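Summary of the model geometry
So you can see what is in the structure, the chains are spelled out below.
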Amino acid sequence: MPCILALDQGTTSSRAILFDHEGGIVAVAQCEFPQLFPKPGWVEHDPADIWSTQLAVAAEVMRKANLTATDIAAIGITNQRETTIVWDRDTGVPVGNAIVWQDRRTASFCDALKKRKLDRVIRRKTGLVVDAYFSATKVQWILRHVPGARTKAKAGKLAFGTVDSWLVWNLTGGLVHVTDASNASRTMLYDIRRGDWDDDLLRIFGVPRSMLPDVRSSSEVYGRTTLLGGSIPIAGIAGDQQAALFGQVCTKPGMVKSTYGTGCFMLMNTGIAPIASRNNLLTTVAWRIGNRTEYALEGSIFIAGAVVQWLRDGLGIIRSSAEVESLAASVPDTHGVYLVPAFAGLGAPHWDQYARGLLAGITRGATRAHIARAALEGIALQVMDVLHAMEADAGIHLRELRVDGGACSNNLLMQMQADVLNVPVVRPMVAETTALGAAYLAGLAVGFWQNQADIARHWRADRRFAPLMKPAARKTLAAGWIKALKRAKGWEAP
């Protein structure tokens, strides 16, 4: 039986997953790649590492499943969003490292935009808050600081893209320079209502239109690759969080998912109507299929699973990420400890790019187990902040939260999440919903699946976590979290 190949290019690793017609996983391959931190607050990737690891795992997963190119109906791509790459159109060589979505080097420029009141027009056109998180200020930084880059850009010799564009460019041998509407909506250069790059925004950021990829729908054939032993259509693209929303079959307005990866991202489908947030959430394109654009409200949390990596690599209190659950479960509570993982500032709904990580409430009785438990609670409490903002914007009370991503396998974290939200948390049978969403979009384009109703039949729940925490305990926990947040905010403010 033919399969769909999903390329899931994430912040810390590149993965490839093969899915069958039932939405089941046939095989998985994964490869981590280096994270580069040249200065405090700076985060970079080598674009060559992104490409080489992604191509390698694509070939590996096909070998694992003993499949050839003729067995692959289509390729779907999902990617870390906002991460910015600029390369030479003639040679295909990047002008420097990719600037990762977590990078904070352009925070002061964002402040300058706000002082000029340009944040208002940017918010109106893009649905985004002005923050170093998004691509536009990263492109501008590259054009300002890489010698000769601005001159070459003005001459039409440079290409800009988020990671999806970089992968398609390389997969097609430089023949195709595209992105989809979901990724374009994260650049801060795209008018989400008109569905096009915006000349006013391009002037604000000094980005020549010639650098930009063509914006296409999220489900269509963009081109073909011959790098995997035969000609395979590339037929689906979506940013990782929008892909997860689609993979969770949250295709009706009011449905919500939360993905627990390096960061944590909660999206609510709002249908064909973009909702302007009054509570510091983002309005974003969910996907565009054919001529129909659907939108979402999003709360972006910069650090989630990455805090567990920090416990492992930075503090050394666990040997592997999987150990955190048993360590945290060895104590009944955090002993009053709070961990605010604002390592890259705070995202929604706070948007404080000068916040920094904080470990608070430590007494002599605190142990590594209490810190581990506080790290997990810190993830759940950040999601709580986002959900409260989302419910206020949409005017609804959430009935259930669908969860996915690597950290959703942590049963303790999922129970904590249900407890602090006072909402049931539902984990699907296939937790790889980011890759699955990309596969669904690609499969729809080539007729592997007939329609969205065909896809919806494959979604199954694995486990449902019901809230168990008493209201008084929830209130006390939230009050302590607010105190810790106040102390973390503005830490690096000039």
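Quick look at the structure, then. Because the structure is predicted, anything quoted here is derived from the model rather than measured.

Turning next to unusual backbone geometry. Peptide bonds are, in most cases, trans, and in most cases residues other than glycine have a negative phi. The peptide bond linking A348 to P349 adopts the cis configuration, its omega dihedral lying at -5°. For P349, the position within the fold is in the loop between β19 (338-340) and β20 (358-360). Positive phi values are uncommon outside glycine, yet K117 reaches one of about 65°. One non-glycine residue, W351, lies in positive phi territory at about 50°. Tracing the backbone through its elements, the reader meets W351 in the loop between β19 and β20. Looking at W351, the relative accessible area reads 13%, which means it is buried.

What follows deals with the sheet that holds strand β5 (residues 72-79). Strand order across the open sheet formed by 6 strands is β3-β2-β1-β5-β14-β13, with mixed pairing between neighbours. Whereas interior strands pair on both sides, the edge strands pair on one side only; in this sheet they are β3 (25-32) and β13 (219-225). Between one strand axis and the next, the sheet turns by 25° as a mean value, whatever way the strands run. By the bridge criterion, 5 bridges tie β5 to strand β14 (residues 232-239) in an arrangement that is parallel. Within β14, the residue paired with I77 across the bridge is I237. Each of β1 (3-9), β2 (13-19), β5, β13 and β14 touches helix α14 (residues 433-446); the most contacted strand, β5, lies at about 135° to it.

Moving on, we get to empty space enclosed by the protein. All chains considered together, the criterion is met by 3 cavities of 30 Å³ or more. Reported here for the largest cavity is a volume of approximately 40 Å³. Lining the largest cavity are I301, L346, G347, A348, P349, H350, Q382, D385 and W481. Of the residues that constitute the lining of the largest cavity, the class distribution is 5 nonpolar, 3 polar and 1 charged.

So, on to the nonpolar core. One finds I122, F205, M211, Y260, V340, L376 and L401 to be the most contacted residues of the largest nonpolar core, which totals 144 residues. Sort the elements by how many residues they give to this core and helix α12 (residues 368-394) lands first, with 15 residues. Those residues within four positions of L401 in sequence are excluded, and the remaining contacts are V256, K257, S258, Y260, M266, Q417, L421, V423, P424, V425 and V426. Ranked by size, the runner-up nonpolar core spans 37 residues in total, among them L5, A16, M62 and L167.

With that settled, consider the pattern of salt bridges. According to the stated counting rule, one finds 27 salt bridges in the structure shown. Put simply, D103 and R105 hold a salt bridge, and the shortest N to O gap is 2.9 Å. In this structure R105 comes out as buried when scored by relative accessible area, which is 11%. A salt bridge links D198 to R194, with the shortest nitrogen-to-oxygen separation between them at 3.2 Å. A relative accessible area of 3% means that D198 is categorised as buried. Sharing partners across several salt bridges, the network here consists of K125, D191, R194, D198, D200 and R203.

Taken together, K483, K486, R487 and K489 make up a surface patch of like positive charges. Position of K483 among the secondary structure elements: in helix α16 (residues 471-488).

We now examine the sheet that holds strand β23 (residues 461-465). Strand order across the open sheet formed by 7 strands is β17-β18-β16-β15-β21-β22-β23, with mixed pairing between neighbours. In this open sheet, the two edge strands, each paired with only one partner strand, are β17 (282-289) and β23. This sheet shows a mean twist of 30° between the axes of neighbouring strands, independent of strand direction. As paired elements, strand β16 (residues 264-271) and strand β18 (residues 292-301) share 7 bridges and run antiparallel to each other. When the bridges of β18 are listed, M268 appears paired with L297.

Moving on, we come to the packing of aromatic side chains. Applying the stated criterion across every chain yields a total of 17 aromatic pairs. Here Y190 and W197 contribute two aromatic rings whose centre-to-centre distance is 5.7 Å and whose plane-to-plane angle is 75°, an arrangement assigned as edge-to-face. Residue Y190 shares its accessibility class with W197, and that shared class is buried. The rings of W101, Y133, F134, F265, F302 and W351 are connected pair by pair, giving a single aromatic cluster. Across from the ring centre of F265, 5.3 Å away, lies the NZ or CZ of R81, which sits over that ring. Taking NZ or CZ as reference, R105 lies 4.5 Å from the ring centre of W141, over its face.

What counts and how
Residues numbered from 1 in each chain as written. Predicted model: local features only at pLDDT ≥ 70, side-chain atom pairs only at ≥ 80, totals over all residues. Heavy atoms only, no water. Helix = DSSP H or I, 4+ residues; strand = E, 2+ residues; numbered from the N terminus. Buried < 20%, exposed > 50% of the residue type's maximum accessible area, 1.4 Å probe, protein only. Pairing = 2+ DSSP bridges. Axes fitted to C-alpha atoms, helices over the stretch in contact; angles between N-to-C directions. Contact = heavy atoms within 4.5 Å. 1 Å grid on protein atoms, 1.4 Å probe; cavity = no way out; pocket = protein on both sides within 12 Å on 5 of 7 lines; lining within 4 Å. Points joined across faces, edges and corners; volume = space filled by probe spheres on them. Nonpolar A, V, L, I, M, F, W, Y, C, P; charged D, E, K, R; others polar. Core = buried A, V, L, I, M, F, W, Y, C linked by side-chain atoms within 4.5 Å. Salt bridge = Lys/Arg side-chain N within 4 Å of Asp/Glu carboxyl O. Patch = residues over 30% accessible without salt bridge, like charges linked within 9 Å, V, L, I, M, F, W, Y side chains within 5 Å. Areas by Shrake-Rupley, 256 points an atom, 1.4 Å probe, with all protein chains shown as cover. Lys, Arg positive; Asp, Glu negative; His and termini not counted. Charge placed at Lys NZ, Arg CZ, Asp CG, Glu CD. Phe/Tyr/Trp six-rings, centres within 6.5 Å; stacked < 30°, edge-to-face > 60°. Lys NZ or Arg CZ within 6 Å of the ring centre and 35° of its normal.

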